[in-house]
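Spelled out, the chains give:
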Amino acid sequence: MKLLQIKMYKRINYIAAILVLVCGLSAQAQVTTSSPYSRYGLGNIKGSLLPQLRAMGGISTAVGKVTGFNYINMQNPASYAGITLTTIDVGMSAGLTNLSRNNLSETSFNSTFSHLAFAAPVTKRSALSFGILPYSDLGYSYRNTTKVDTTTLYQLYEGEGGLSKAYLGYGYRFGDHLRIGGNLEYIFGNLQTTRATEFQSVGAYNAKLQNKNSVGGINYSYGIQYDFNIGKKTIMTLGYSGSTSGKINSTQTSFATFYTRDQSGNENPAADTLNIADNGKSNLTLPLTHNFGISIQQNDKWMIGADFRMSKWAATSINNVNQGLQDSWGASLGGQWTPDAFSYNSYMKRVDYRLGVNYDKTYIKIGNQDIKQMGASLGFGFPLPTANGGSAFYKINFTTEFGQRGTLSDNLVKEKFINFHLGFTLNDTWFRKYRVD
């Protein structure tokens, strides 16, 4: 009994250490992206994907597990029903972004906490999961120059912040082939934007409008998966997942500031500040989403799959103002191959190799130009030595994404990026009842 208490104490310390790490990372992370396209809507939508799914182009709707190792797929909560071991997944992301327009180019680097997720079986047919991960991020700073008669004006645009998603989900299996599940989600965070108009002359009075939108509210997502045998060891899975078009609370605070700049270009203290709106209560409308997926796999060996997704962003509003977005759609294709998951004499045969591609018509349309995004991804799942007498399994998942968004046409910005995702996954036999004779 004392041995079991020591093991449980170590596990509690393990969770506590992860939570402290996450809180520290969250406190330090402010601007997590550098993209002028994050100015539109709710920013860059991140998607509920762990590194192992991003490595396969983002396929998730019909994905459960391939090699018997448990993964948490919160994009489709029906997958929770296949979880047989206590599972913890924690990770970080980093990215290099290059922005180009005409003959100008700029490169930036950002890193941030990406996710913390936990799942555990409840019965032989069901499991629950909970965690926290980013929902969207906002980060941009650019300037336009215009002339009014003979006067030069600078128009400055800045934004930072983002939304996070905490979720609690449950999945249940009916019979041997049908799984359903749902997530209760709390979406929260701050979106801060600034617009300023400045005169070229020193000492001139300039105007700045600052807006902070504090968001917090409940949303729901759901999913279903059905698999059937198409060969002795080959399984086909069909999946669907989606989320409701919910309204979540929003509190807006806006200030208009008048200021000057000194000879060195530094901003002087505000000459005057006008409070336009303070704690204005409103709401934010999230889009109705649909995801459809199919996968074919041979247990403990390989899997290939494809996803199609669509979201009704055209109806999205913030503070009862339609955001002028368009409905989006996208597709992903990817897979995983493990040469020999049980090899004793070759480590590289036990490694998971993943590859994928994706294409999206985003919710942004500028003029007559649709902003599209495309990319390719490559990833690996590196198994670590087992522990607790072979009852605990560990894996490090590393993914690299290459992609681009936007175009140089119509004087727009082309964004090229390389994203890195690192995740640590634990499978263990927690909460199991032991009988002592």
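Residues numbered from 1 in each chain as written. Predicted model: local features only at pLDDT ≥ 70, side-chain atom pairs only at ≥ 80, totals over all residues. Heavy atoms only, no water.

The name an unreviewed UniProt entry gives the protein chain is Aromatic hydrocarbon degradation protein, with Pedobacter kyonggii as the organism.

Unusually for a residue other than glycine, Asn-102 sits at a positive phi of about 55 degrees. Along the chain, Asn-102 falls in the loop between strand S2 (86-101) and strand S3 (104-123). Classification of Asn-102 as exposed rests on a relative accessible area of 58%. Unusually for a residue other than glycine, Asn-411 sits at a positive phi of about 60 degrees. Its place among the elements puts Asn-411 in the loop between strand S18 (392-406) and strand S19 (414-428). What makes Asn-411 partly exposed here is its relative accessible area of 38%. (Helix = DSSP H or I, 4+ residues; strand = E, 2+ residues; numbered from the N terminus. Buried < 20%, exposed > 50% of the residue type's maximum accessible area, 1.4 Å probe, protein only.)

Here we come to the environment of Asn-268. Within the secondary structure layout, Asn-268 lies in the loop between strand S9 (247-259) and strand S10 (272-285). When its relative accessible area of 24% is taken as the criterion, Asn-268 is described as partly exposed. In this structure, the C-alpha to C-alpha distance between Asn-268 and Phe-258, residues 10 residues apart in sequence, is 9.9 Å.

Further remarks concern the pattern of salt bridges. Evaluated as defined, the whole model comprises 8 salt bridges. Linking Glu-185 and Lys-165 is a salt bridge whose minimum nitrogen-to-oxygen distance equals 3.7 Å. Separated by 20 residues along the polypeptide, Glu-185 in strand S6 (residues 178-199) and Lys-165 in strand S5 (residues 151-174) bring together distant segments of the chain. Here the two residues Glu-185 and Lys-165 agree in accessibility, since each one is buried. Where Arg-309 meets Asp-360, a salt bridge forms, and the shortest distance between an N and an O atom there is 3.0 Å. Residue Arg-309 is located in strand S12 (residues 302-311), and its partner Asp-360 is located in strand S16 (residues 352-366); the two are separated by 51 residues in the primary sequence. Each member of the pair Arg-309 and Asp-360 is classed as buried. When salt bridges with common partners are traced through the structure, they connect Asp-352, Arg-354 and Lys-395 into a single cluster. (Salt bridge = Lys/Arg side-chain N within 4 Å of Asp/Glu carboxyl O.)

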